[in-house]
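Here's the letter readout for the chains.
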Amino acid sequence: MKRSRSKKKRRAVPVPIASMGDIAFLLIIFFMVCSEVTKEKNLNVTLPMSENVEKNKYSLVARIAIDADAQIFFDGRPVDSAKDVEWGVRAMLEKTVLEDQRHVQFKCDAALPKETFEPVLKAIAEAGGIIEAVGEKVE
Amino acid sequence: MKKRSRKQHKKHREGDIPTGSFSDIAFLLIIYFLVATSLVKVKTITADLPTGEKQAQAQMDKTPIVNLRETDIFFNDKSVSIEELNARLAALELAEALGSKKVIMLESTRMTSYELYFQALAAISANGGVVALVEEDE
């Protein structure tokens, strides 16, 4: 009985691949819309910890970072001083209209002393930016 | 005239655009975006620091003040831990307060680390306060 069953011919079922290209392009569009190209790769920064940090929900107008060597970065490019940050943020905010468009990301190494980071914080505030200080959540 | 007739008589070749490799290209692009994208959103605290001139000493005296002295935190001149600071700020109900009553002064010494500064800033912001930085007199 079993043998007779195995003799049955199997139908070749073609896999529908006509829509594969459409699906793929749909996925590309999804990633293009959702992705943010990172400008801060290879930054030597140890983030501070706090239990009060939350996921950032604002779109950012600029990204400021200070690495462990106290080098200041504006959107991934090194700058000389806090004054450059102020001018940069001021220039960015000239085009903005809404309150929600004033958020500036601030990333700083946890070990740096006040005299290094506070002038930058003040520069962002002077330029009219709302500081989004990046940290890690304490579990 | 001759040229025209020649042109009109030319037969158009029927050619198909090769679309067979479209899906390959598309998947290649997907792989690129998968590798280049970071879907993890950063965790932040929001601090809108007010800017302006120095306030009169009389008004400063009424405002709660957080002092950071290297590794120690003081709230209104009393030493506190970060948990106690959170509790004291929560007791002030800053989120419901209006105007200048939301303001918490933040003073720090030169050698205060960003770690401690960030924790104090986070505690004030999370409790609905507005941070006012105190500048050292030169």
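As a starting point, this report considers the structure included with it.

**Examining the overall build of chain A**
Logical step 1: Looking only at helices and strands, chain A has four helices and eight strands in total.
Logical step 2: Along chain A, helices and strands appear, N-terminal first, in the series α-α-β-β-β-β-β-α-β-α-β-β.
Logical step 3: Among the 139 residues that make up chain A, the fraction classed as buried is 42%.
Logical step 4: Partitioning the intrachain contacts of chain A with sequence separation of at least 6 by distance along the chain shows that 72% fall at a separation of at least 24.
Logical step 5: For chain A, the accessible area works out to roughly 9200 Å², and carbon and sulfur atoms hold 55% of it.

**Brief notes about helix H4 (residues 114–126) of chain A**
Logical step 1: Taking 1.5 Å per residue as the helical rise, H4 of chain A with its 13 residues ought to reach 18 Å, and the 17 Å between its terminal C-alpha atoms agrees with that figure.
Logical step 2: Backbone geometry just after H4 of chain A places Gly128 of chain A at a positive phi near 100°.

**Section: the environment of Ala125 of chain A**
Logical step 1: Looking at the element boundaries, Ala125 of chain A is found in helix H4.
Logical step 2: Residue class for Ala125 of chain A comes out buried when judged on its relative accessible area of 8%.
Logical step 3: In this structure, the C-alpha to C-alpha distance between Ala125 of chain A and Glu86 of chain A, residues 39 residues apart in sequence, is 8.3 Å.
Logical step 4: The contact partners of Ala125 of chain A, leaving out residues within four places of it in the chain, are Leu49 and Thr51 of chain B.

**Some points on the environment of Ala123 of chain A**
All names here are of chain A.
Logical step 1: Position of Ala123 relative to the elements: it lies in helix H4.
Logical step 2: Here the alpha-carbon distance between Ala123 and Ala82, two residues 41 residues apart in the chain, equals 6.0 Å.
Logical step 3: With residues near it in sequence (within four places) discarded, Ala123 still touches Ala82 and Glu86.

**So, the interface of chain A and chain B**
Logical step 1: Listed as interface residues are 45 residues of chain A and, on the opposing side, 37 residues of chain B.
Logical step 2: Together, the buried faces of chain A and chain B total about 3900 Å²; carbon and sulfur atoms form 65% of this surface.
Logical step 3: Sorting the residues of chain A by area buried against chain B places Phe31, Asn52 and Lys114 of chain A first, and these three jointly supply 16% of that buried surface.
Logical step 4: Seen at the junction of chain A and chain B, the total is zero salt bridges.
Logical step 5: On the surface where chain A and chain B come into contact, there are 16 residue pairs in polar contact (both at pLDDT 80 or more).
Logical step 6: Partitioned by chemical class, the residues of the side of chain A that touches chain B number 24 nonpolar, nine polar and 12 charged.
Logical step 7: Relative to strand S1 (residues 43–47) of chain B, strand S2 (residues 54–55) of chain A runs antiparallel, the two being bridged by two bridges. Directly across from Glu54 of chain A, in S1 of chain B, lies its bridge partner Thr44 of chain B.

**So, the sheet that holds S2 of chain A**
Logical step 1: An order of S2(A)-S1(B)-S7(A)-S6(A)-S3(A)-S4(A)-S5(A) is seen for the seven strands of this open sheet, with the pairing classed as mixed. Of all strands in the sheet, those bounded by a partner on one side alone are S2 and strand S5 (77–79) of chain A.
Logical step 2: Across the sheet, helix H3 (residues 82–93) of chain A is in contact with strand S3 (62–66), strand S4 (72–74), S5 and strand S6 (103–108) of chain A; its angle to S4 of chain A comes to roughly 15°.
Logical step 3: Against the sheet, helix H5 (residues 114–126) of chain B touches S6 and strand S7 (130–134) of chain A together with S1 of chain B, its axis set at about 70° to S1 of chain B.

**Quick look at the packing of H3 of chain A against H4 of chain A**
Residues and elements named next belong to chain A.
Logical step 1: Packing of H3 against H4 leaves a shortest axis separation of 8 Å and a crossing angle of 25°. Considering their axes alone, H3 and H4 lie roughly parallel with respect to each other. Every pair of crossing elements has a handedness; the one defined by H3 and H4 is right-handed. Contacts between H3 and H4 involve Ala82, Val85, Glu86 and Arg90 on the former and, on the latter, Pro119, Val120, Ala123, Ile124 and Glu126.
Logical step 2: In the contact of H3 with H4, the residues fall into six nonpolar, no polar and three charged.

**Some remarks on a positive patch on the surface**
Logical step 1: Together, Lys55 and Lys137 of chain A together with Lys41 and Lys43 of chain B make up a positively charged patch on the protein surface.
Logical step 2: Its place among the elements puts Lys43 of chain B in strand S1.
Logical step 3: On the basis of relative accessible area, Lys43 of chain B is assigned to the partly exposed category, the value being 32%.

Calculation criteria
Residues numbered from 1 in each chain as written. Chains lettered and ligands numbered in written order. Predicted model: local features only at pLDDT ≥ 70, side-chain atom pairs only at ≥ 80, totals over all residues. Heavy atoms only, no water. Helix = DSSP H or I, 4+ residues; strand = E, 2+ residues; numbered from the N terminus. Buried < 20%, exposed > 50% of the residue type's maximum accessible area, 1.4 Å probe, protein only. Contact = heavy atoms within 4.5 Å. Areas by Shrake-Rupley, 256 points an atom, 1.4 Å probe, with all protein chains shown as cover. Expected span 1.5 Å × (residues − 1). Buried area = accessible area lost by both parts, 1.4 Å probe. Salt bridge = Lys/Arg side-chain N within 4 Å of Asp/Glu carboxyl O. Polar contact = N/O pair within 3.5 Å; in protein donor to acceptor, adjacent residues only side chain to side chain. Nonpolar A, V, L, I, M, F, W, Y, C, P; charged D, E, K, R; others polar. Pairing = 2+ DSSP bridges. Axes fitted to C-alpha atoms, helices over the stretch in contact; angles between N-to-C directions. Parallel < 35°, antiparallel > 145°, perpendicular 65-115°, else oblique. Left-handed = near helix turned anticlockwise from the far one by under 90°. Patch = residues over 30% accessible without salt bridge, like charges linked within 9 Å, V, L, I, M, F, W, Y side chains within 5 Å. Lys, Arg positive; Asp, Glu negative; His and termini not counted. Charge placed at Lys NZ, Arg CZ, Asp CG, Glu CD.

Nothing here speaks to function; it is geometry throughout.
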